[in-house]
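Chain by chain, the residues:
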Amino acid sequence: MGDRRAIGVFDSGMGGLTVLRALRDTLPHEDLVYLGDTARLPYGTKSADTVTAYALQATRKLLAHDVKMVVIACNTASAVAIEPLANQHAPLPVIGVVEPGARAGVAATQTNRIGVLATESTVKGGAYARAIGALAPEVSIRQQPCALFVALAEEGWGNDAIAEAAAARYLKPLFDDPDTAPDTLVLGCTHFPVLAPAIARVLGDGVTLVDSAATTAETVAAALAANDLATDDPSNGSERFLATDAPERFARVGGLFFGSEIAADAVELVDLRHG
Ligand code: DGL
């Protein structure tokens with residue numbers, strides 16, 4: 001039956017639910033505990049020290065739920081906090097989304113030109129440039145911070161004319177010069193997949209959009225197997241949701257990210273400030 005403890009997953013808000021959805025699809029018999037730090041969103045405009053402190057608190061809360069692994073379903077927190085988290089909680093496996101996102105981008109590009117859309121803090125920290133450079137030094141990378149996408153996604157406006165207008169404005173500098181235009185765009189923020197249809201409408205054909213959800217789920221499956229932590233118990237497979245603010249709103253809007261409805265009474269309000 002294996003190790004029936006849950007996998008802990010966290011993000012600044014609901015964006016990480018796009019990763020949770022991929023985990024659910026890939027690992028149907030794992031229990032999942034998801035924490036959205038909705039009280040302190042966004043992380044993407046905050047300093048590395050602040051985001052690291054928040055990520056450590058989120059991890060402690062998940063460990064109080066006896067999780068066997070932590071998935072940082074937030075690029076911003078993965079970019080700055082994966083090492084301190086893994087060091088502080090070794091041998092707990094800690095999986096981030098930046099390396100899997102970089103791998104998805106490298107696998108997709110035909111022209112060796114990748115664009116990365118992310119939060120300001122992820123762009124500034126350069127984690128994608130390092131991760132892509134380590135996998136494929138021949139690839140050139142252009143990054144574009146898209147802070148407004150986070151607010152649009154959390155508002156539930158990810159797939160409308162306002163999202164398209166924002167996408168057109170953010171994408172213009174990347175595609176102005178056909179000689180440097182990327183053929184692959186990595187959605188380097190877990191909030192952005194809900195904007196993918198609007199972004200695709202702006203881009204037209206010829207550009208591949210990738211995100212880290214599927215490759216992160218594969219990485220988690222491999223880490224479970226490698227650490228002998230997987231379970232195939234068919235009575236397992238639940239999701240539990242924790243939010244640091246507005247659980248009712250989390251349930252209402254979160255379904256857009258998770259791809260299926262979240263019941264209002266399934267979301268528990270938690271406080272990380274003293275953890
Ligand atoms: N979902 C987070 C990420 O992947 C960031 C959103 C925020 O700014 O809090 O980077």
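This text gives an overview of the structure that appears in the document.

About the thresholds
- Residues numbered from 1 in each chain as written.
- Predicted model: local features only at pLDDT ≥ 70, side-chain atom pairs only at ≥ 80, totals over all residues.
- Heavy atoms only, no water.
- Pairing = 2+ DSSP bridges.
- Helix = DSSP H or I, 4+ residues; strand = E, 2+ residues; numbered from the N terminus.
- Contact = heavy atoms within 4.5 Å.
- Axes fitted to C-alpha atoms, helices over the stretch in contact; angles between N-to-C directions.
- Phe/Tyr/Trp six-rings, centres within 6.5 Å; stacked < 30°, edge-to-face > 60°.
- Buried < 20%, exposed > 50% of the residue type's maximum accessible area, 1.4 Å probe, protein only.
- Lys NZ or Arg CZ within 6 Å of the ring centre and 35° of its normal.
- Parallel < 35°, antiparallel > 145°, perpendicular 65-115°, else oblique.
- Left-handed = near helix turned anticlockwise from the far one by under 90°.
- Nonpolar A, V, L, I, M, F, W, Y, C, P; charged D, E, K, R; others polar.
- Salt bridge = Lys/Arg side-chain N within 4 Å of Asp/Glu carboxyl O.
- Near = heavy atom within 4 Å.
- Polar contact = N/O pair within 3.5 Å; in protein donor to acceptor, adjacent residues only side chain to side chain.
- Areas by Shrake-Rupley, 256 points an atom, 1.4 Å probe, with all protein chains shown as cover.
- Disulfide = S-S within 2.5 Å.

Our focus in this paragraph is the sheet that holds strand 10 (residues 267-269). Adjacent strands of a sheet form backbone hydrogen bonds with each other and so pair up, either parallel or antiparallel. Strand order in the open sheet formed by six strands is 4-3-1-2-9-10, with parallel pairing between adjacent strands. Every other strand in the sheet has two partners, leaving strand 4 (94-95) and strand 10 as the edge strands with one partner each. Strand direction decides the pairing type here: strand 1 (residues 7-11) and strand 2 (residues 32-36), joined by five bridges, are parallel. If you follow Phe 10 over to strand 2, its bridge partner there is Leu 35. Lying on the sheet, helix 1 (residues 17-26) is in contact with strand 1, strand 2, strand 3 (69-72) and strand 9 (239-243); it crosses strand 2 at an angle near 175°.

Taken as a whole, this structure holds six aromatic pairs when the rule is applied. Aromatic side chains Phe 149 and Tyr 170 sit 5.0 Å apart centroid to centroid with 85° between the ring planes, which places their arrangement in the edge-to-face category. Placement of the pair is Phe 149 in helix 7 (residues 147-155) and Tyr 170 in helix 8 (residues 161-175), with a sequence separation of 21 residues. Across the pair, Tyr 170 and Phe 149 agree in class, each one buried. Consider the rings of Phe 149 and Phe 192, whose centres lie 5.1 Å apart with planes at 85°: the pair is edge-to-face. Separated by 43 residues along the polypeptide, Phe 149 in helix 7 and Phe 192 in the loop between strand 7 (184-187) and helix 9 (196-203) bring together distant segments of the chain. A relative accessible area of 0% places Phe 149 in the buried class. A connected cluster of aromatic rings, assembled from ring pairs, spans Tyr 34, Phe 241, Phe 250 and Phe 258. One Lys or Arg, Arg 40, reaches over the ring of Tyr 54 and ends 3.8 Å from the middle of that ring.

Before going further, it helps to spend a moment on the packing of helix 1 against helix 10 (residues 213-226). Where helix 1 meets helix 10, the axes come as close as 8 Å, and the angle between the chain directions of the two elements is 50°. Relative to helix 10, helix 1 is oriented oblique. Crossing of helix 1 against helix 10: the hand is right-handed. Side by side, helix 1 and helix 10 meet where Thr 18, Val 19, Ala 22, Leu 23 and Thr 26 of the first sit next to Ala 213, Ala 214, Thr 216, Ala 217, Val 220 and Ala 221 of the second. By residue class, the composition of the contact of helix 1 with helix 10 is eight nonpolar, three polar and no charged.

Right, let's get into the pattern of salt bridges. Enumeration according to the criterion identifies 12 salt bridges in this entry. Ionic pairing is found between Arg 24 and Glu 239, a salt bridge with its closest N-O pair at 2.5 Å. Here Arg 24 is found in helix 1, whereas its partner Glu 239 is found in strand 9, with 215 residues between them in sequence. Across the salt bridge formed by Asp 176 and Lys 172, the nearest N and O atoms sit 3.3 Å from each other. Judged by relative accessible area, Lys 172 falls into the exposed class, the value being 52%.

The subject of this paragraph is the site of the ligand. Taken together, 14 residues lie around the ligand, and Ser 12, Tyr 43, Asn 75, Thr 76 and His 191 are the ones closest in. Asp 11 is positioned with one of its side-chain polar atoms (N or O) 3.0 Å from a nitrogen atom of the ligand. One of the side-chain nitrogen or oxygen atoms of His 191 is found 2.7 Å away from a nitrogen atom of the ligand. Taking 300 Å² as the accessible area of the ligand by itself, protein coverage stands at 99%. Split by residue class, the shell around the ligand holds six nonpolar, seven polar and one charged.

We now examine the side chain of Thr 119. Looking at the secondary structure, you find Thr 119 in the loop between strand 5 (113-118) and helix 5 (120-125). Here Thr 119 falls in the buried class, since its relative accessible area comes to 5%. Polar side-chain contacts of Thr 119 include one of 3.0 Å to the side chain of Thr 122.

With seven of 10 residues buried, helix 1 is to be regarded as a mostly interior element. Along helix 1, the positions that sit buried rather than exposed are Leu 17, Thr 18, Val 19, Leu 20, Ala 22, Leu 23 and Arg 24. Against the buried residues of helix 1 lie strand 1, strand 2, strand 3, helix 10, strand 9 and helix 11 (247-258).

Next up on the list: the state of the cysteines. Taken as a whole and judged by the stated rule, the model has zero disulfides. The thiol of Cys 74 is not disulfide-bonded; the next cysteine sulfur, from Cys 189, is found 6.8 Å away. Look at Cys 74 and you get buried, because its relative accessible area is 4%. We note that Cys 146 lacks a disulfide partner, and the nearest cysteine sulfur, in Cys 189, lies 8.9 Å from it. Assessed through its relative accessible area of 0%, Cys 146 is described here as buried.

Honestly, that's just the spatial picture; any functional story needs more than this.
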